[in-house]
Amino acid sequence: MPSRRELIRMTDGEIRRYLEGQRRIILITNGPDGLPHPVPMNYGLDDAGRILITSFSKSQKVKNLERDPRATLLVESGVRYQELQAVIVYADAEIVRDIDAIRQGMSLMRADSALTAGMSAAMDEQIRESLAKRVLLRFTPFRFVSWDHGKLGDKY
């Protein structure tokens, strides 16, 4: 008889669909003092299943990844117990400084449609100008931990 842990684990396809359906991820890097440095970020996925995030090159998260390229990422959802879903991603980070790659990565990110729908031409120009100050963080997963309590039905 399978354990509860085995019953709620997502398949690779379910993990991919779940990540594709979400917008915000918690990126956790190793801070300079050895403590975790968690930050919420918008993200996207490329065709290879890598997680893409952009950030300013001088941010603390980028400094942390320059020092230690390992990261943990978390996406979670649900309010009631039977709705809880989450994916923890253990990944190696690559810092990409190529402007075309940054622009391509930004196009794959799930920005808030309410924000981007009302974006003025000046705001759009400001984003384009910021590309020179940005990097693309590309995370290649090497392990997943996942759960979907909806798989238990009404059983606790």
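Note that the structure is predicted; figures quoted are calculated from it, not measured. (Residues numbered from 1 in each chain as written. Predicted model: local features only at pLDDT ≥ 70, side-chain atom pairs only at ≥ 80, totals over all residues. Heavy atoms only, no water.)

## A closer look at the overall build of the chain
Per the secondary structure count, the chain includes 6 helices and 7 strands. For the chain, the α and β elements follow one another from N to C terminus as α-α-β-β-β-β-α-β-β-α-α-α-β. For the chain, the proportion of its 156 residues judged to be buried stands at 35%. If you sum the accessible surface of the chain, you get close to 9,400 Å²; carbon and sulfur atoms cover 53% of it. (Helix = DSSP H or I, 4+ residues; strand = E, 2+ residues; numbered from the N terminus. Buried < 20%, exposed > 50% of the residue type's maximum accessible area, 1.4 Å probe, protein only. Areas by Shrake-Rupley, 256 points an atom, 1.4 Å probe, with all protein chains shown as cover.)

## A word on helix H4 (residues 99-108)
Those residues of H4 that fall on the buried side of the exposure criterion are Ala101, Ile102 and Gly105. Viewed end-on, H4 has its buried residues packed into an arc of 100°, placing them on one side of the element. Residues of H4 that are exposed and point over 90 degrees away from its buried face: Asp100 and Ser107. Against strand S4 (51-56), strand S6 (85-96) and strand S7 (134-148) lie the buried residues of H4. A side-chain oxygen of the first residue of H4 lies 3.3 Å from the backbone nitrogen of Asp100; this N-cap is Asp98. (Arc of directions from axis to C-beta. Contact = heavy atoms within 4.5 Å. Polar contact = N/O pair within 3.5 Å; in protein donor to acceptor, adjacent residues only side chain to side chain.)

## Quick notes on the sheet that holds S7
Strand order in the open sheet made by the 7 strands is S2-S1-S5-S6-S7-S4-S3, with antiparallel pairing throughout. What marks the edges here is a single partner per strand, and that holds for strand S2 (36-42) and strand S3 (44-45). Two strands pair when backbone bridges link them, and strand S1 (residues 24-30) and strand S5 (residues 70-77) are joined in this way by 3 bridges, in the antiparallel orientation. Residue pairing in the sheet places Leu27 in a bridge with Leu73 of S5. Those strands touched by helix H2 (residues 12-21) are S3, S5, S6 and S7, and its axis lies near 75° from that of S6. Sitting on the sheet, H4 is in contact with S3, S4, S6 and S7, with an inclination near 40° to S7. (Pairing = 2+ DSSP bridges. Axes fitted to C-alpha atoms, helices over the stretch in contact; angles between N-to-C directions.)

## Considering the pattern of salt bridges
Within the structure shown, the criterion is met by 8 salt bridges. Note that Asp68 and Arg70 form a salt bridge whose closest N and O atoms lie 2.7 Å from each other. Accessibility expressed as a relative area gives 16% for Asp68, which makes it buried. Overall, Arg70 belongs to the partly exposed group, its relative accessible area being 49%. Among the ionic pairs, Arg80 bridges to Glu83, the shortest N-O distance being 3.6 Å. You can call Glu83 partly exposed: its relative accessible area is 35%. (Salt bridge = Lys/Arg side-chain N within 4 Å of Asp/Glu carboxyl O.)

## Some words on the nonpolar core
With 24 residues, the main nonpolar core has Leu27, Ile51, Ile53, Leu73 and Phe139 as its most contacted residues. The contacts of Leu73, once residues within four sequence positions are left out, are Ile25, Ile26, Leu27, Ile51, Ile53, Val87, Ile88, Val89, Ala91 and Phe139. (Core = buried A, V, L, I, M, F, W, Y, C linked by side-chain atoms within 4.5 Å.)

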